[in-house]
Amino acid sequence: MRILMAVCCAALVFSGCASPRERLTAQLSRAASEHQILYGHQDDPAYGHAWLVTDWETDPLVRSDVKDVAGRYPAIVGFDLGGIELGDARNLDGVPFGLMRKAARQQVERGGVVTFSWHPRNPLTGGDAWDISSDQVVKAILPGGEKHAEFELWLERTADFFESLGDMPLIFRPWHENLGSWFWWGGRLCTAEEYRALYRYTWTYLTKERGLKNILWCYSPNGPVSAADFLSRYPGDDCVDMLGTDIYEYPAPGEALASAGQRYADQVRTMLATLQSLAAEHGKLLCLSETGFEGLPDPQWWTGVLYPAIQGSGICYVLTWRNAHDKPGHFYAPWKGFEYANDFKQFSEKEDIILL
Ligand code: BMA
(Lines give C-alpha, C1' and ligand atoms only; values in the text may rest on other atoms or scores of the structure.)
Protein backbone atom coordinates (compact mmCIF):
# COMPACT_ATOMS: atom_id res chain seq x y z
CA MET A 1 0.00 0.00 0.00
CA ARG A 2 2.77 2.40 1.04
CA ILE A 3 4.71 1.60 -2.15
CA LEU A 4 1.62 2.18 -4.28
CA MET A 5 1.01 5.49 -2.49
CA ALA A 6 4.64 6.53 -3.07
CA VAL A 7 4.51 5.61 -6.76
CA CYS A 8 1.23 7.52 -7.30
CA CYS A 9 2.56 10.56 -5.48
CA ALA A 10 5.86 10.41 -7.35
CA ALA A 11 3.96 10.36 -10.64
CA LEU A 12 1.90 13.39 -9.59
CA VAL A 13 4.93 15.25 -8.31
CA PHE A 14 6.77 14.46 -11.53
CA SER A 15 3.86 15.73 -13.60
CA GLY A 16 4.03 19.01 -11.68
CA CYS A 17 0.33 18.85 -10.77
CA ALA A 18 0.75 17.73 -7.17
CA SER A 19 -0.92 19.69 -4.38
CA PRO A 20 1.23 20.72 -1.38
CA ARG A 21 -0.25 17.77 0.54
CA GLU A 22 0.73 15.36 -2.18
CA ARG A 23 4.25 16.78 -2.42
CA LEU A 24 4.81 16.36 1.33
CA THR A 25 3.29 12.86 1.27
CA ALA A 26 5.69 11.92 -1.51
CA GLN A 27 8.68 13.31 0.41
CA LEU A 28 7.79 11.47 3.61
CA SER A 29 6.79 8.21 1.89
CA ARG A 30 10.10 8.21 0.07
CA ALA A 31 11.99 8.73 3.33
CA ALA A 32 10.07 5.91 5.03
CA SER A 33 10.52 3.50 2.15
CA GLU A 34 14.28 4.17 2.27
CA HIS A 35 14.24 3.61 6.07
CA GLN A 36 15.27 7.21 6.63
CA ILE A 37 14.08 9.12 9.69
CA LEU A 38 13.87 12.91 9.71
CA TYR A 39 15.07 14.34 13.00
CA GLY A 40 12.94 17.16 14.41
CA HIS A 41 13.05 19.70 17.24
CA GLN A 42 10.25 21.85 18.68
CA ASP A 43 10.65 25.66 18.42
CA ASP A 44 14.20 25.22 17.11
CA PRO A 45 14.61 28.59 15.29
CA ALA A 46 12.73 30.67 17.89
CA TYR A 47 14.93 30.14 20.95
CA GLY A 48 17.24 27.66 22.60
CA HIS A 49 18.83 26.92 25.92
CA ALA A 50 19.74 30.44 27.17
CA TRP A 51 19.03 32.42 23.95
CA LEU A 52 15.93 33.94 22.38
CA VAL A 53 15.11 35.71 19.12
CA THR A 54 13.87 39.12 20.22
CA ASP A 55 13.14 40.83 16.88
CA TRP A 56 11.98 38.21 14.40
CA GLU A 57 11.34 40.71 11.63
CA THR A 58 15.00 41.73 11.36
CA ASP A 59 16.58 38.54 12.74
CA PRO A 60 17.70 36.10 10.00
CA LEU A 61 16.48 33.18 12.17
CA VAL A 62 19.58 31.11 11.51
CA ARG A 63 20.45 30.16 15.09
CA SER A 64 19.68 26.63 16.27
CA ASP A 65 20.84 24.60 19.27
CA VAL A 66 20.79 21.52 17.03
CA LYS A 67 22.96 23.18 14.38
CA ASP A 68 25.33 24.49 17.05
CA VAL A 69 26.03 20.88 18.06
CA ALA A 70 25.54 18.84 14.87
CA GLY A 71 26.50 21.41 12.23
CA ARG A 72 23.15 20.95 10.49
CA TYR A 73 19.54 22.01 11.02
CA PRO A 74 16.78 19.65 12.11
CA ALA A 75 14.96 18.22 9.08
CA ILE A 76 11.64 18.91 10.77
CA VAL A 77 10.69 21.80 13.02
CA GLY A 78 7.67 21.83 15.32
CA PHE A 79 5.65 24.85 16.46
CA ASP A 80 2.63 25.16 18.74
CA LEU A 81 -0.43 27.22 17.86
CA GLY A 82 -1.76 27.66 21.41
CA GLY A 83 -3.10 31.22 21.60
CA ILE A 84 -3.89 31.61 17.88
CA GLU A 85 -7.52 30.88 18.72
CA LEU A 86 -7.72 34.07 20.81
CA GLY A 87 -6.19 36.23 18.11
CA ASP A 88 -2.97 36.62 20.15
CA ALA A 89 0.24 37.74 18.44
CA ARG A 90 2.33 35.16 20.36
CA ASN A 91 1.73 31.58 21.39
CA LEU A 92 1.51 30.22 24.94
CA ASP A 93 5.31 30.06 25.19
CA GLY A 94 5.82 33.59 23.82
CA VAL A 95 6.70 32.63 20.23
CA PRO A 96 5.32 35.21 17.76
CA PHE A 97 3.11 33.71 15.05
CA GLY A 98 4.93 36.00 12.59
CA LEU A 99 8.20 34.30 13.50
CA MET A 100 6.63 30.88 12.93
CA ARG A 101 5.44 31.92 9.48
CA LYS A 102 8.86 33.26 8.49
CA ALA A 103 10.80 30.34 9.99
CA ALA A 104 8.42 27.77 8.50
CA ARG A 105 8.95 29.22 5.05
CA GLN A 106 12.75 29.10 5.50
CA GLN A 107 12.56 25.54 6.77
CA VAL A 108 10.60 24.38 3.70
CA GLU A 109 12.88 26.36 1.36
CA ARG A 110 15.87 24.46 2.70
CA GLY A 111 14.09 21.17 1.97
CA GLY A 112 12.70 20.58 5.45
CA VAL A 113 9.30 19.93 6.96
CA VAL A 114 7.15 21.79 9.50
CA THR A 115 4.65 20.37 11.98
CA PHE A 116 2.12 22.18 14.17
CA SER A 117 0.66 21.07 17.49
CA TRP A 118 -2.04 23.04 19.32
CA HIS A 119 -2.56 23.62 23.02
CA PRO A 120 -5.65 25.86 22.86
CA ARG A 121 -7.21 27.45 25.92
CA ASN A 122 -10.20 25.84 27.60
CA PRO A 123 -13.18 27.45 25.82
CA LEU A 124 -15.64 26.72 28.64
CA THR A 125 -13.69 27.77 31.73
CA GLY A 126 -11.22 30.25 30.23
CA GLY A 127 -8.36 28.19 31.70
CA ASP A 128 -5.50 26.65 29.75
CA ALA A 129 -5.30 23.37 27.80
CA TRP A 130 -4.47 21.54 31.04
CA ASP A 131 -7.63 22.79 32.81
CA ILE A 132 -9.54 19.54 33.31
CA SER A 133 -11.99 20.90 35.86
CA SER A 134 -14.98 20.13 33.60
CA ASP A 135 -15.86 17.12 31.47
CA GLN A 136 -18.40 19.16 29.51
CA VAL A 137 -15.98 21.19 27.39
CA VAL A 138 -15.97 19.12 24.19
CA LYS A 139 -19.75 18.77 24.36
CA ALA A 140 -20.06 22.54 24.79
CA ILE A 141 -18.12 23.38 21.62
CA LEU A 142 -19.75 20.84 19.28
CA PRO A 143 -22.80 21.91 17.23
CA GLY A 144 -25.68 22.69 19.58
CA GLY A 145 -23.35 23.44 22.50
CA GLU A 146 -23.24 26.77 24.35
CA LYS A 147 -19.67 27.54 23.19
CA HIS A 148 -20.07 26.38 19.60
CA ALA A 149 -20.09 29.85 18.05
CA GLU A 150 -16.91 30.75 19.93
CA PHE A 151 -15.26 27.52 18.79
CA GLU A 152 -16.14 28.35 15.18
CA LEU A 153 -14.27 31.62 15.61
CA TRP A 154 -11.30 29.73 17.07
CA LEU A 155 -11.21 27.44 14.05
CA GLU A 156 -11.56 30.40 11.71
CA ARG A 157 -8.46 32.03 13.22
CA THR A 158 -6.51 28.77 13.02
CA ALA A 159 -7.52 28.31 9.38
CA ASP A 160 -6.54 31.94 8.64
CA PHE A 161 -3.03 31.19 9.91
CA PHE A 162 -2.67 28.04 7.80
CA GLU A 163 -4.07 29.90 4.79
CA SER A 164 -1.47 32.64 5.30
CA LEU A 165 1.24 30.02 4.65
CA GLY A 166 0.08 29.84 1.03
CA ASP A 167 0.89 26.56 -0.64
CA MET A 168 3.48 25.57 1.97
CA PRO A 169 2.78 22.00 3.08
CA LEU A 170 2.65 21.18 6.80
CA ILE A 171 1.69 18.48 9.27
CA PHE A 172 -1.08 19.35 11.76
CA ARG A 173 -1.74 17.11 14.76
CA PRO A 174 -4.62 18.60 16.71
CA TRP A 175 -6.19 17.08 19.83
CA HIS A 176 -3.06 15.08 20.66
CA GLU A 177 -2.30 12.87 23.71
CA ASN A 178 -6.03 12.24 23.94
CA LEU A 179 -5.95 8.85 25.64
CA GLY A 180 -4.51 10.37 28.81
CA SER A 181 -6.58 12.79 30.88
CA TRP A 182 -4.37 15.89 31.21
CA PHE A 183 -5.95 18.03 28.46
CA TRP A 184 -9.62 19.07 28.35
CA TRP A 185 -10.10 16.82 25.26
CA GLY A 186 -8.55 13.81 27.07
CA GLY A 187 -9.84 10.31 27.72
CA ARG A 188 -11.92 10.89 30.84
CA LEU A 189 -13.02 14.37 29.78
CA CYS A 190 -15.23 13.44 26.81
CA THR A 191 -16.83 10.35 25.27
CA ALA A 192 -15.23 8.60 22.29
CA GLU A 193 -18.08 9.90 20.11
CA GLU A 194 -17.52 13.46 21.28
CA TYR A 195 -13.78 13.18 20.65
CA ARG A 196 -14.27 11.82 17.15
CA ALA A 197 -16.83 14.54 16.43
CA LEU A 198 -14.34 17.19 17.61
CA TYR A 199 -11.54 15.91 15.38
CA ARG A 200 -13.85 15.45 12.41
CA TYR A 201 -15.42 18.89 12.85
CA THR A 202 -11.94 20.45 12.85
CA TRP A 203 -10.93 18.49 9.73
CA THR A 204 -14.18 19.21 7.90
CA TYR A 205 -13.98 22.93 8.59
CA LEU A 206 -10.36 23.34 7.47
CA THR A 207 -10.49 20.92 4.56
CA LYS A 208 -14.00 21.21 3.17
CA GLU A 209 -15.23 24.62 4.23
CA ARG A 210 -11.93 26.46 3.90
CA GLY A 211 -10.53 24.24 1.14
CA LEU A 212 -7.02 24.03 2.64
CA LYS A 213 -4.91 21.65 0.59
CA ASN A 214 -1.61 22.14 2.38
CA ILE A 215 -2.29 20.03 5.51
CA LEU A 216 -1.30 16.45 6.33
CA TRP A 217 -3.33 15.30 9.33
CA CYS A 218 -1.60 13.38 12.08
CA TYR A 219 -3.51 11.50 14.80
CA SER A 220 -1.16 11.25 17.78
CA PRO A 221 -2.41 9.82 21.06
CA ASN A 222 -0.02 9.37 23.96
CA GLY A 223 1.66 5.97 24.08
CA PRO A 224 2.30 3.27 24.84
CA VAL A 225 -1.19 1.85 24.29
CA SER A 226 -2.58 -1.29 22.64
CA ALA A 227 -3.80 -1.26 19.03
CA ALA A 228 -7.38 -1.48 20.33
CA ASP A 229 -6.89 1.54 22.59
CA PHE A 230 -5.12 3.46 19.81
CA LEU A 231 -8.15 2.92 17.56
CA SER A 232 -10.73 3.49 20.30
CA ARG A 233 -11.03 7.20 19.46
CA TYR A 234 -9.63 7.12 15.91
CA PRO A 235 -11.49 9.75 13.90
CA GLY A 236 -11.52 7.83 10.59
CA ASP A 237 -9.29 7.07 7.62
CA ASP A 238 -10.68 9.93 5.58
CA CYS A 239 -9.35 12.58 7.97
CA VAL A 240 -6.00 11.07 8.99
CA ASP A 241 -2.83 10.83 6.89
CA MET A 242 -0.32 9.83 9.53
CA LEU A 243 -0.36 7.81 12.74
CA GLY A 244 1.81 9.20 15.52
CA THR A 245 2.40 8.79 19.20
CA ASP A 246 3.96 10.84 22.01
CA ILE A 247 6.17 8.89 24.45
CA TYR A 248 8.67 10.38 26.91
CA GLU A 249 11.23 8.78 29.19
CA TYR A 250 10.40 9.32 32.88
CA PRO A 251 12.49 7.47 35.45
CA ALA A 252 10.62 6.41 38.59
CA PRO A 253 11.96 8.03 41.78
CA GLY A 254 15.36 6.48 42.49
CA GLU A 255 15.32 4.37 39.32
CA ALA A 256 18.70 3.79 37.63
CA LEU A 257 19.17 5.36 34.18
CA ALA A 258 19.85 1.99 32.57
CA SER A 259 16.55 0.60 33.77
CA ALA A 260 14.52 3.70 32.80
CA GLY A 261 16.19 3.71 29.38
CA GLN A 262 15.42 0.05 28.84
CA ARG A 263 11.78 0.50 29.83
CA TYR A 264 11.36 3.55 27.56
CA ALA A 265 13.07 1.83 24.62
CA ASP A 266 10.83 -1.23 25.02
CA GLN A 267 7.74 1.00 25.12
CA VAL A 268 8.81 2.89 21.99
CA ARG A 269 9.70 -0.28 20.09
CA THR A 270 6.43 -2.01 20.96
CA MET A 271 4.29 1.03 20.22
CA LEU A 272 6.00 1.74 16.88
CA ALA A 273 5.54 -1.92 15.87
CA THR A 274 1.82 -1.51 16.64
CA LEU A 275 1.69 1.71 14.61
CA GLN A 276 3.56 0.08 11.74
CA SER A 277 1.00 -2.67 11.35
CA LEU A 278 -1.94 -0.27 11.78
CA ALA A 279 -0.37 2.11 9.27
CA ALA A 280 0.05 -0.73 6.75
CA GLU A 281 -3.59 -1.80 7.22
CA HIS A 282 -4.93 1.73 6.93
CA GLY A 283 -2.52 3.01 4.26
CA LYS A 284 -0.95 5.72 6.47
CA LEU A 285 2.47 7.13 7.29
CA LEU A 286 3.79 6.83 10.85
CA CYS A 287 5.95 8.95 13.15
CA LEU A 288 7.16 9.40 16.72
CA SER A 289 5.44 12.76 17.04
CA GLU A 290 6.95 13.82 20.40
CA THR A 291 9.61 12.28 22.55
CA GLY A 292 12.57 13.01 24.80
CA PHE A 293 14.17 12.80 28.19
CA GLU A 294 14.00 16.15 30.01
CA GLY A 295 17.48 17.51 30.79
CA LEU A 296 19.18 14.56 28.98
CA PRO A 297 20.82 13.10 32.10
CA ASP A 298 21.79 9.88 30.29
CA PRO A 299 25.20 10.40 28.60
CA GLN A 300 24.30 7.96 25.81
CA TRP A 301 20.61 8.59 25.42
CA TRP A 302 20.72 9.29 21.68
CA THR A 303 22.94 6.47 20.48
CA GLY A 304 22.22 3.97 23.26
CA VAL A 305 18.48 4.40 23.92
CA LEU A 306 16.60 6.39 21.26
CA TYR A 307 18.42 5.19 18.15
CA PRO A 308 18.06 1.44 18.77
CA ALA A 309 14.40 2.01 19.67
CA ILE A 310 13.50 3.74 16.38
CA GLN A 311 15.93 2.17 13.89
CA GLY A 312 14.05 0.26 11.20
CA SER A 313 10.69 1.15 12.78
CA GLY A 314 9.18 2.62 9.61
CA ILE A 315 8.62 6.09 11.09
CA CYS A 316 9.25 9.02 8.76
CA TYR A 317 10.21 11.38 11.60
CA VAL A 318 11.01 11.69 15.27
CA LEU A 319 10.64 15.02 17.10
CA THR A 320 12.16 15.93 20.46
CA TRP A 321 10.52 18.67 22.52
CA ARG A 322 11.67 22.24 23.15
CA ASN A 323 14.77 23.74 24.78
CA ALA A 324 13.19 26.42 26.97
CA HIS A 325 15.25 29.61 27.15
CA ASP A 326 13.80 30.56 30.53
CA LYS A 327 13.76 27.20 32.39
CA PRO A 328 17.36 25.91 32.54
CA GLY A 329 16.47 22.24 33.10
CA HIS A 330 13.65 22.09 30.52
CA PHE A 331 15.47 20.95 27.37
CA TYR A 332 15.23 17.88 25.13
CA ALA A 333 17.98 18.53 22.58
CA PRO A 334 21.63 19.34 23.38
CA TRP A 335 23.12 22.83 23.08
CA LYS A 336 26.61 24.19 22.58
CA GLY A 337 28.58 23.46 25.75
CA PHE A 338 26.23 20.72 27.04
CA GLU A 339 28.41 17.98 28.53
CA TYR A 340 26.90 15.06 26.61
CA ALA A 341 26.47 16.91 23.28
CA ASN A 342 28.80 14.58 21.41
CA ASP A 343 26.38 11.66 21.78
CA PHE A 344 23.78 13.66 19.83
CA LYS A 345 26.38 14.49 17.16
CA GLN A 346 27.04 10.77 16.74
CA PHE A 347 23.31 10.08 16.50
CA SER A 348 22.94 12.82 13.88
CA GLU A 349 25.67 11.19 11.78
CA LYS A 350 23.90 7.81 11.49
CA GLU A 351 23.15 7.24 7.84
CA ASP A 352 19.42 6.76 8.40
CA ILE A 353 18.99 9.91 10.54
CA ILE A 354 18.29 12.99 8.44
CA LEU A 355 19.28 16.57 9.26
CA LEU A 356 19.70 19.46 6.84
C1 BMA B 1 4.96 21.44 27.57
C2 BMA B 1 6.02 22.28 28.25
C3 BMA B 1 5.39 23.61 28.56
C4 BMA B 1 4.83 24.24 27.25
C5 BMA B 1 3.93 23.26 26.52
C6 BMA B 1 3.48 23.79 25.15
O7 BMA B 1 5.37 20.14 27.38
O8 BMA B 1 7.14 22.44 27.42
O9 BMA B 1 6.34 24.46 29.14
O10 BMA B 1 4.11 25.41 27.55
O11 BMA B 1 4.61 22.04 26.32
O12 BMA B 1 4.56 24.07 24.31
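Cut-off values and rules
- Residues numbered from 1 in each chain as written.
- Predicted model: local features only at pLDDT ≥ 70, side-chain atom pairs only at ≥ 80, totals over all residues.
- Heavy atoms only, no water.
- Near = heavy atom within 4 Å.
- Polar contact = N/O pair within 3.5 Å; in protein donor to acceptor, adjacent residues only side chain to side chain.
- Areas by Shrake-Rupley, 256 points an atom, 1.4 Å probe, with all protein chains shown as cover.
- Nonpolar A, V, L, I, M, F, W, Y, C, P; charged D, E, K, R; others polar.
- Helix = DSSP H or I, 4+ residues; strand = E, 2+ residues; numbered from the N terminus.
- Expected span 1.5 Å × (residues − 1).
- Buried < 20%, exposed > 50% of the residue type's maximum accessible area, 1.4 Å probe, protein only.
- Contact = heavy atoms within 4.5 Å.
- Phe/Tyr/Trp six-rings, centres within 6.5 Å; stacked < 30°, edge-to-face > 60°.
- Lys NZ or Arg CZ within 6 Å of the ring centre and 35° of its normal.

**Some remarks on the site of the ligand**
Line of reasoning, step 1. Around the ligand sit Leu92, Asp93, His119, Trp130, Trp321, Arg322, Lys327 and His330, and those are all the residues in its vicinity.
Line of reasoning, step 2. Taking Trp321, its side chain carries an N or O atom lying 3.0 Å from an oxygen atom of the ligand.
Line of reasoning, step 3. When isolated, the ligand has an accessible area of 310 Å², and the protein chains bury 79% of it.
Line of reasoning, step 4. By residue class, the composition of the shell around the ligand is three nonpolar, two polar and three charged.

**Side note on helix α4 (residues 97–109)**
Line of reasoning, step 1. Taking 1.5 Å per residue, 13 residues should reach 18 Å; α4 reaches 18 Å between its end C-alpha atoms and fits that length.
Line of reasoning, step 2. Listing the buried residues of α4 in full gives Phe97, Gly98, Leu99, Met100, Ala103, Ala104 and Gln107.
Line of reasoning, step 3. Elements in contact with the buried residues of α4: β4 (76–80), β5 (113–117) and α6 (148–164).
Line of reasoning, step 4. Note on α4: the residue one or two positions beyond its end, Gly111, has a positive phi of about 95 degrees.

**Things to note about the packing of aromatic side chains**
Line of reasoning, step 1. With the rule as written, the count across this model stands at 36 aromatic pairs.
Line of reasoning, step 2. Ring geometry for Tyr195 and Tyr219: centres 6.3 Å apart, planes at 55 degrees, overall tilted. You can see Tyr195 sitting in helix α7 (residues 192–209) and its partner Tyr219 sitting in strand β7 (residues 215–219), a full 24 residues away along the chain.
Line of reasoning, step 3. Exposure remark for Tyr195: the relative accessible area of 0% places this residue in the buried category.
Line of reasoning, step 4. Ring geometry for Tyr264 and Trp301: centres 5.8 Å apart, planes at 40 degrees, overall tilted. You can see Tyr264 sitting in helix α9 (residues 257–282) and its partner Trp301 sitting in helix α10 (residues 301–310), a full 37 residues away along the chain.
Line of reasoning, step 5. The exposure class of Tyr264 is buried, given its relative accessible area of 1%.
Line of reasoning, step 6. Just above the ring of Tyr73 sits the side chain of Arg110; from NZ or CZ to the centre is 3.7 Å.

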